[in-house]
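The residues making up each chain are set out below.
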Amino acid sequence: MSNEHSPLWEVFVRARRGLSHTHVGSLHAPDAELALRNARDLYTRRQEGVSIWVVPAGAITASSPDEKDSFFDPAADKVYRHPTFYEVPDGVAHL
Amino acid sequence: MYGNDFSAPGDAPDDMPGAGLLGEVEAAEAELRAAAARERRGGPAPDEDLAAYFTEVVDAEQKIEPRDWMPEAYRRTLIRQIAQHAHSEIIGMQPEGNWISRAPSLKRKAILLAKVQDEAGHGLYLYAAAETLGISRDELVQLLLDGKQKYSSIFNYPTLTWADVGAIGWLVDGAAIVNQVPLCRCSYGPYARAMIRVCKEESFHQRQGYEILHTLAHGTPEQQAMAQDAVDRWWYPSLAMFGPPDGDSTHSTQSMAWKIKRFSNDDLRQRFVDMCVQQAEILGLRIPDDGLRWNEERRAYDYTQPDYDELMQVIKGNGPCNRERMAHRRAAHADGAWVREAAAAYAAKRADKREKVAA
């Protein structure tokens, strides 16, 4: 079970057709095919999904909570991106 | 079991897990979503005190996530508790695994196999949660094999008859659920989410145990006696699963303040006793406690405490099966080495082949 030989994989499951894949957890496996099989056994024992993605954990680059503000701030002062920003004159329909 | 960290005294809670434990799990999940929805804007400001920010997040019933700053002691406490919990799931496969080949029917075999497989799954969810705290699976496994981290003392008792499988499901899994349901509200996100999943799956374990005992208790006189004997042997060790009485509990008011632990050992033990009394009546089995009686004033049952000296002895490694459980785990780990190596070699060979094709 050496981590070197059995790297970490992140597992995403699609619960039903029409829903997006959602992160459910992680597991160790030597390669993608075994990761997929292990994910089936570990995370879908009760028919929780119709599709599974496995992604090498090392391949994921995450934003840092420390930079959360500066990183997402540019969107904060652009209220005009929301339809509620605009005043609609009385009597206008279908807008 | 498993998540009990043998912790601290605390105030008597008025929102203890109620009759519907599964309802409690659902409520915890709903709360988790609601808390996420009212998340405070933004992370800590560049010059903000990180410890104060951490406390603010926890006090606001928000979840701490892996990359957030956290006190080193919080991290260490969680690693110890989650690892002990994970180890318990893995070691916990042994007492019941003994009975898979001897279960009395194909149906019972299939059910028990599914339950033991669930325990393995729960162990893996929990190892994965612990790994988010910056410790590797290898290290955790090694700490167990070296005896440096513990697992629940309950698994150091033997399963002598088929009725023991029933008693484990009803009492041991029942106590585990009472312990675990509050953990669904733990302040650490990955642990809380793993526990929600575990608790939902765990409820079938308790019911299958209850069904086994109910069948035996309504069978022949011999079967009835076997069921009673199992309850007689598992009752007090199950009560001991909640840890020492609050006055003697070492781990911390701190765990309460950090919202890792929500209720004291004695509060959870009382809740468990109160639940079991009526369930035992329907089984037609006797809880082996002459001191068990309803206390109108407290609106709870008075009961005899388990032998805490025995609990400490078992924790120290002197229970009936401690050595056997660890020897079995070490042997299973060593015997599985070739499988891990073969899988790694196969993966490397296939990676090589792909490279050559690509070249």
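Because the structure is a prediction, the values reported are computed rather than measured. (Residues numbered from 1 in each chain as written. Chains lettered and ligands numbered in written order. Predicted model: local features only at pLDDT ≥ 70, side-chain atom pairs only at ≥ 80, totals over all residues. Heavy atoms only, no water.)

Caption draft 1: Structural context of the overall build of chain A. Counting its regular elements, chain A contains two helices and three strands. Taken against the 2.2 N^0.38 rule, which gives 12 Å for 95 residues, the C-alpha radius of gyration of chain A at 21 Å runs more than 25% over that of a compact globule. For chain A, the accessible area works out to roughly 6,800 Å², and carbon and sulfur atoms hold 56% of it. Across chain A, the centroid of the 10 positively charged side chains sits 12 Å from that of the 13 negatively charged ones. (Helix = DSSP H or I, 4+ residues; strand = E, 2+ residues; numbered from the N terminus. Rg over C-alpha atoms; globule rule 2.2 N^0.38 Å. Areas by Shrake-Rupley, 256 points an atom, 1.4 Å probe, with all protein chains shown as cover. Lys, Arg positive; Asp, Glu negative; His and termini not counted. Charge placed at Lys NZ, Arg CZ, Asp CG, Glu CD.)

Caption draft 2: Layout of empty space enclosed by the protein. Going through the model one piece at a time under the given rule, you end up with three cavities of 30 Å³ or more. Space inside the second largest cavity adds up to approximately 60 Å³. In terms of lining residues, the second largest cavity is bounded by A:Pro65, A:Asp66, B:Pro44, B:Tyr53, B:Phe54, B:Val57, B:Ile64, B:Asp68 and B:Trp69. Looking at side-chain class alone, the lining of the second largest cavity contains seven nonpolar, no polar and two charged residues. (1 Å grid on protein atoms, 1.4 Å probe; cavity = no way out; pocket = protein on both sides within 12 Å on 5 of 7 lines; lining within 4 Å. Points joined across faces, edges and corners; volume = space filled by probe spheres on them. Nonpolar A, V, L, I, M, F, W, Y, C, P; charged D, E, K, R; others polar.)

Caption draft 3: The sheet that holds strand S3 (residues 51–56) of chain A, seen in detail. Residue and element names in this part refer to chain A. In space, the three strands of this open sheet follow the order S2-S1-S3, with antiparallel pairing throughout. Looking along the sheet, the strands with just one partner apiece sit at the ends: strand S2 (22–28) and S3. Adjacent strand axes in the sheet meet at a mean angle of 30°, parallel and antiparallel pairs treated alike. Bridge analysis of strand S1 (residues 8–14) against S2 gives six bridges, and the strand direction is antiparallel. (Pairing = 2+ DSSP bridges. Axes fitted to C-alpha atoms, helices over the stretch in contact; angles between N-to-C directions.)

Caption draft 4: How the structure looks around the packing of aromatic side chains. All names here are of chain B. Taken as a whole and assessed by the stated rule, the structure comprises 14 aromatic pairs over all chains. Relative to Tyr210, the ring of Trp170 has its centre 6.0 Å away and its plane inclined at 70°; by these criteria the two rings are edge-to-face. Here Tyr210 lies in helix H8 (residues 189–217) and Trp170 lies in helix H7 (residues 162–180), a separation of 40 residues in the sequence. According to the relative accessible area criterion, Tyr210 is partly exposed, its value standing at 21%. Members of the aromatic cluster, each reached through a chain of ring pairs, are Phe54, Trp69, Tyr74 and Trp258. Its guanidinium or amino end placed over the ring of Trp99, Arg102 lies 4.2 Å from that ring's centre, counting from NZ or CZ. (Phe/Tyr/Trp six-rings, centres within 6.5 Å; stacked < 30°, edge-to-face > 60°. Buried < 20%, exposed > 50% of the residue type's maximum accessible area, 1.4 Å probe, protein only. Lys NZ or Arg CZ within 6 Å of the ring centre and 35° of its normal.)

Caption draft 5: How the structure looks around helix H14 (residues 337–358) of chain B. Counted at 1.5 Å a residue, the expected span for H14(B) with its 22 residues is 32 Å, and the 32 Å between its end C-alpha atoms agrees. Listing the buried residues of H14(B) in full gives B:Ala343, B:Ala344 and B:Ala347. Projection of H14(B) onto a plane perpendicular to its axis shows the buried side chains occupying an angular sector of 95°, all on one side. Turned more than 90 degrees off the buried face of H14(B), the exposed positions are B:Trp338, B:Glu341, B:Lys349, B:Lys353, B:Lys356 and B:Val357. The inward-facing, buried residues of H14(B) contact helix H1 (32–43) of chain A. (Expected span 1.5 Å × (residues − 1). Arc of directions from axis to C-beta. Contact = heavy atoms within 4.5 Å.)

Caption draft 6: Representation of the interface of chain A and chain B in the model. Listed as interface residues are 25 residues of chain A and, on the opposing side, 29 residues of chain B. Buried area between chain A and chain B, both sides added, is near 2,300 Å², and the carbon and sulfur share of it is 46%. Across the chain A-chain B interface, the total number found is seven salt bridges. For B:Asp118, the salt bridge is made with A:Arg45, and the minimal N-O distance between the two is 2.8 Å. At the junction of chain A and chain B, the tally comes to ten residue pairs in polar contact (both at pLDDT 80 or more). Of all the secondary-structure elements, those providing two or more residues to the side of chain A that touches chain B are S2, H1 and helix H2 (68–72) of chain A. Residue contributions to the side of chain A that touches chain B peak at four residues, all from H1(A). Within the side of chain A that touches chain B, the residues separate by chemical class into nine nonpolar, seven polar and nine charged. (Buried area = accessible area lost by both parts, 1.4 Å probe. Salt bridge = Lys/Arg side-chain N within 4 Å of Asp/Glu carboxyl O. Polar contact = N/O pair within 3.5 Å; in protein donor to acceptor, adjacent residues only side chain to side chain.)

Caption draft 7: Up close: helix H2 (residues 50–59) of chain B. All names here are of chain B. The complete set of buried residues in H2 reads Tyr53, Phe54, Val57 and Val58. Summarising the axial view, the buried residues of H2 lie within an arc of 130°, below the 170-degree limit, and thus occupy one face. Packing partners of the buried residues in H2 comprise helix H3 (72–91) and helix H10 (253–257). For H2, the N-terminal cap is Asp49; the gap from its side-chain oxygen to the backbone nitrogen of Ala51 is 3.2 Å. Just downstream of H2, Glu61 is the residue with a positive phi angle, here 60°.

Caption draft 8: Fine view of the packing of H7(B) against helix H9 (residues 221–240) of chain B. Residues and elements named next belong to chain B. For the pair H7 and H9, the least separation of the axes is 8 Å and the interaxial angle reads 35°. Where H7 crosses over H9, the handedness of that crossing is right-handed. Only Met226, Ala227, Ala230, Val231, Arg233, Trp234, Trp235 and Ser238 of H9 make contact with H7, whose side of the interface consists of Trp162, Ala163, Asp164, Ala167, Ile168, Trp170, Leu171, Val172 and Ala175. In terms of residue class, the contact of H7 with H9 is made up of 14 nonpolar, one polar and two charged. (Left-handed = near helix turned anticlockwise from the far one by under 90°.)

Caption draft 9: Inspection of the pattern of salt bridges at higher detail. Evaluation of the coordinates by the stated rule reveals 30 salt bridges over all chains. Here B:Glu201 and A:Arg45 are joined by a salt bridge, their closest N and O atoms 2.8 Å apart. Of this pair, B:Glu201 sits in helix H8 while A:Arg45 is found in the loop between H1 and S3, placing the two residues in two different chains. In this structure, B:Arg233 engages B:Asp229 in a salt bridge whose closest nitrogen and oxygen atoms are separated by 2.9 Å. Taken together, the residues span about one helical turn, with B:Arg233 and B:Asp229 both in helix H9 at a distance of four residues. The partly exposed category is assigned to B:Asp229, whose relative accessible area is 32%.

Caption draft 10: Representation of the packing of H7(B) against H8(B) in the model. Residues and elements named next belong to chain B. At a minimum axis separation of 7 Å, H7 and H8 run at an interaxial angle of 145°. For the pair H7 and H8, the sense of crossing is left-handed. In terms of residue class, the contact of H7 with H8 is made up of 13 nonpolar, nine polar and two charged.

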